[in-house]
Amino acid sequence: MNRFYLILPLVFCGLACDLKFDATQSSYYKTELRELGPLEVAKMQPAWSPDGSKIVYVARRTATQLESIDFETNRLTRIAKLEFNAHTNSTTYAISPDASKLMYYDRSERNTYVTDLAGGQKILLVEGGVSRPAWSRDGNWIAYRGKNRIWRIPSSGGTPEEIPEPPNRSWWPTWSPDGSKIAFTSKPPDGHDQIWVADLNTGTSTPVTPDSVRSIWPAWSPTDNTIAYTYITTNGDSTIVLALDLTTLQTKRISSDSTSRAGSPSWSPDGERIAYQADFGYVWIASKEGQLLRRTQYRQYYPAKWHPLGTSFLRLRNVNASTIEVLSLETGEVQQLTSFQNSESDREPAWFPDGENIAFVRQDTSVGSGRTFIVPLAGGSATPLLPDAEYDAVWAREANPAISLDGQYLLQEYLNGIQLVPLDSRIPQSVGEFLGAGIRSPAWGPDSRSAVFSFYNGLIVFAVDSTLDIDKVDIRIENENRLLSPAWSVDYPGHGSYIAAVGDSGLYVMKPDGSEPILIVKGDIQSPTWSPLVREIAFTRNNNLFVLPIFPEPLGEQK
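Bear in mind the structure is a predicted one, so any value in this text is a computation, not a measurement.

**Student:** Describe the overall build of the protein, with residues and values.
**Tutor:** Counting its secondary structure elements, the protein contains zero helices and 46 strands. A separation threshold of at least 6 residues defines the contact pool for the protein, and within that pool the share at least 24 residues apart is 44%. Element-wise, carbon and sulfur atoms account for 47% of the exposed surface of the protein, whose accessible area totals about 24,500 Å².

**Student:** Tell me what's going on with the nonpolar core, and back it up with residues and numbers.
**Tutor:** Ranked by size, the top nonpolar core spans 18 residues in total, and within it Leu507, Val509, Ile520, Trp530, Ile537, Phe539 and Ile550 carry the most contacts. If you look at the next biggest cluster of nonpolar residues, it comprises 14 residues, including Ala402, Ile418, Phe453 and Ile460.

**Student:** An account of the pattern of salt bridges is needed here, citing residue identities and associated values.
**Tutor:** Enumeration according to the criterion identifies 15 salt bridges in this entry. The residue aspartate 193 makes a salt bridge to arginine 214 at a minimum N-O spacing of 3.0 Å. Linking aspartate 193 in the loop between β14 (181-187) and β15 (194-199) with arginine 214 in strand β17 (residues 214-220), this pair joins segments that are 21 residues apart in sequence. Looking at arginine 214, the relative accessible area reads 35%, which means it is partly exposed.

**Student:** Describe the sheet that holds strand β6 (residues 101-106), listing the residues and the values that go with them.
**Tutor:** If you trace the four strands from one edge of the open sheet to the other, you get β5-β6-β7-β8, paired in antiparallel fashion. With partners counted over all chains shown, the strands left at the sheet margins are β5 (93-95) and β8 (123-127), one partner each. Neighbour-to-neighbour, the strand axes of this sheet turn through a mean angle of 20°, independent of strand direction. Two elements, β6 and strand β7 (residues 111-116), share six bridges in a ladder whose sense is antiparallel. Along β7, the bridge assignment pairs aspartate 106 with asparagine 111.

**Student:** Now, about the pairing of strand β2 (residues 42-48): what can you tell me, with residues and values included?
**Tutor:** Summarising burial for β2: seven of the seven residues are buried, a large majority. Linking two consecutive strands that pair antiparallel, namely β2 and strand β3 (residues 54-70), is a turn of five residues; a positive phi of about 80° is found at glycine 52 within it.

**Student:** Can you lay out the pairing of strand β33 (residues 409-414) for me, pointing to particular residues and giving the numbers?
**Tutor:** Among the six residues that make up β33, six are buried, leaving the element largely enclosed by the rest of the structure. Here β33 shows no split at all, with Tyr409, Leu411 and Glu413 on one side and Leu410, Gln412 and Tyr414 on the other all buried. Two elements, strand β32 (residues 399-403) and β33, share three bridges in a ladder whose sense is antiparallel. In the sheet register, isoleucine 403 faces β33, and the bridge partner there is leucine 410. Between β32 and β33, which follow one another and run antiparallel, lie five residues, and glycine 407 among them has a positive phi close to 75°. The turn joining β33 and strand β34 (residues 417-422), which pair antiparallel and follow one another in sequence, is formed by two residues; a positive phi near 55° is taken by leucine 415.

**Student:** Give a description of the side chain of serine 180 that names residues and reports values.
**Tutor:** Looking at the secondary structure, you find serine 180 in the loop between β13 (169-175) and β14. A relative accessible area of 13% means that serine 180 is categorised as buried. When near neighbours in sequence (up to four residues on either side) are disregarded, serine 180 contacts Ala198, Asp199, Leu200 and Asn201.

**Student:** If you had to explain unusual backbone geometry to someone new, which residues and values would you point to?
**Tutor:** Positive phi, normally seen in glycine, also occurs at leucine 249, with a value near 60°. Among the secondary structure elements, leucine 249 is positioned in the loop between β19 (239-245) and β20 (250-253). You will see that serine 485, though not glycine, has its phi angle at about 50°, which is positive. The residue serine 485 is located in strand β40 (residues 484-488) in this model. By relative accessible area, serine 485 is classed as partly exposed at 26%.

**Student:** Explain the confidence of the model for the protein to me, and be specific about the residues and the numbers.
**Tutor:** Put simply, the protein has an average pLDDT of 83, and 86% of its residues get 70 or more. The low-confidence segment residues 554-559 (pLDDT under 50) makes twelve contacts with residues lying over four places distant or belonging to another chain.

**Student:** Go over the environment of arginine 75, please, and point to the residues and values.
**Tutor:** Tracing the sequence through the fold places arginine 75 in the loop between β3 and β4 (76-82). Put simply, arginine 75 and serine 312 are 237 residues apart on the chain and 9.2 Å apart in space, counted from C-alpha to C-alpha.

**Student:** Could you give an account of the sheet that holds strand β31 (residues 383-384), naming the residues involved and the relevant values?
**Tutor:** Pairing in this open sheet of four strands is antiparallel, and the strands run β28-β29-β30-β31 from one edge to the other. With one partner strand each, in any of the chains shown, β28 (344-351) and β31 form the two edges of the open sheet. Pairing of strand β30 (residues 369-376) with β31, which is carried by two bridges, proceeds in the antiparallel orientation. Bridging from a neighbouring strand, isoleucine 374 pairs with threonine 383 of β31.

**Student:** For the packing of aromatic side chains, give the residues involved together with the corresponding values.
**Tutor:** Centre-to-centre distance and the angle between the planes together describe a pair of aromatic rings. For the coordinates displayed, the defined rule picks out twelve aromatic pairs. A centroid spacing of 6.0 Å and a plane angle of 20° characterise the contact between phenylalanine 360 and phenylalanine 373, whose relative ring orientation is stacked. Within this pair, whereas phenylalanine 360 is found in strand β29 (residues 357-364), its partner phenylalanine 373 is found in strand β30, the two being separated by 13 residues in sequence. Across the pair, phenylalanine 373 and phenylalanine 360 agree in class, each one buried. Residue placement shows arginine 362 over the ring face of phenylalanine 373; its charged tip is 5.3 Å from the ring centre.

What counts as what
Residues numbered from 1 in each chain as written. Predicted model: local features only at pLDDT ≥ 70, side-chain atom pairs only at ≥ 80, totals over all residues. Heavy atoms only, no water. Helix = DSSP H or I, 4+ residues; strand = E, 2+ residues; numbered from the N terminus. Contact = heavy atoms within 4.5 Å. Areas by Shrake-Rupley, 256 points an atom, 1.4 Å probe, with all protein chains shown as cover. Core = buried A, V, L, I, M, F, W, Y, C linked by side-chain atoms within 4.5 Å. Buried < 20%, exposed > 50% of the residue type's maximum accessible area, 1.4 Å probe, protein only. Salt bridge = Lys/Arg side-chain N within 4 Å of Asp/Glu carboxyl O. Pairing = 2+ DSSP bridges. Axes fitted to C-alpha atoms, helices over the stretch in contact; angles between N-to-C directions. pLDDT = per-residue confidence, 0-100. Phe/Tyr/Trp six-rings, centres within 6.5 Å; stacked < 30°, edge-to-face > 60°. Lys NZ or Arg CZ within 6 Å of the ring centre and 35° of its normal.

Below, the structure written as structure tokens:
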């Protein structure tokens, strides 16, 4: 890329002015904090609108969502955002064969429900907790483990029925294709785990594996009379996946010889493939004859659950669902600008000086990449800042966009450096290459040509011209190991501009040459941002937004 040169001096306005921050002079400096809300959501990374009437921020909601992972592309797709406790995991939910309903245990309410994934109402299925739920092939029944026994219950609700089984500890039920039988694992007090089959028509249960070895985790083929299960060797050093034909009582090995730790088999809906876990969480896929087909590139720490379409696996994932919202300071109205999709998370909003558009970063949490987008305040689709030809989806790590006050340029983090993007051409240029790695969090100065950055344990200010290694200003504060999230105010008439930054002790305000740093708010402060009139600073503390009046009276009148 060609370098972008701005042959302009580094300008600091009003550095000779003698302004002292003194909390006792309440006529021009106040410490009363105003909390913005109440809103039942964590609010992060605020930014004032150019006219000072709104604040855009990141809304973070703890959520659990049901995802499918394509085992060919590793692409995540969100099936549903679920309104139940985040500790629910893969052992306490099951999706129906037609992918329309979900049974799950809500640990916050300590009850088990069935909900319509299309958004219908949930129904209470079982009072209390369950594990290892399994739907019958016709979707009419659900088997589960409760109180160390196996039960079945109509999926539409009703009275649970205990299935016929030995008086042992039993778990991991799985249905036969016609729904007339349930296989499960059972362990007598003085014996080994065995696979048993309960006949629901006759009310009898029969072991199908010998008690001389340990056999656990059965999975019944959806198309025939074969059960895959995990076999634990006599010394317990290894586990393998076997398939038992209940008609001929013949077994064959399914798991690869190259792994000694295989288990938790799961059949594809067509009955042609078996997925199992090995190598500490990787999912292996084999044909029903035992031929290894592939190993997935990701890990899944609970047994793989096939999607009913057979193209992917299902999992529950706990996420911070981050969206961009705008809060009107006049009416209190909240407008949501972006929506959480799949594995994406929106963050780091920044206003355009026209107040009509907002830049933000959309991060793909499945791969860790981030890309800057632009969305209109009036609503509409978000569009990428950089064209595809200028964006490397593999290596790009765009972050912290900042737009100059004249609306001509955007600065942002990119990999280990800083990019300058002219907004007319959208062709990015490198900035500050003489600094090397470690430069981040750009913030424009009021002249739209100078910028301040976080740099190792302090701040650095320079003109945005990668050839000028002079006129740099290094800012350090004694006893502070870091200075983060700088924000540069516009000029206050007669007194110049100021830089706010976050240290370990709290929020500092200083002049652009680093002089007169004053700690104005103690605590864990994040993302300070100046109001357009330089009289207030908004920031985040304890996951909520606050506004601190700094110069509530005209500064020029103070002596």
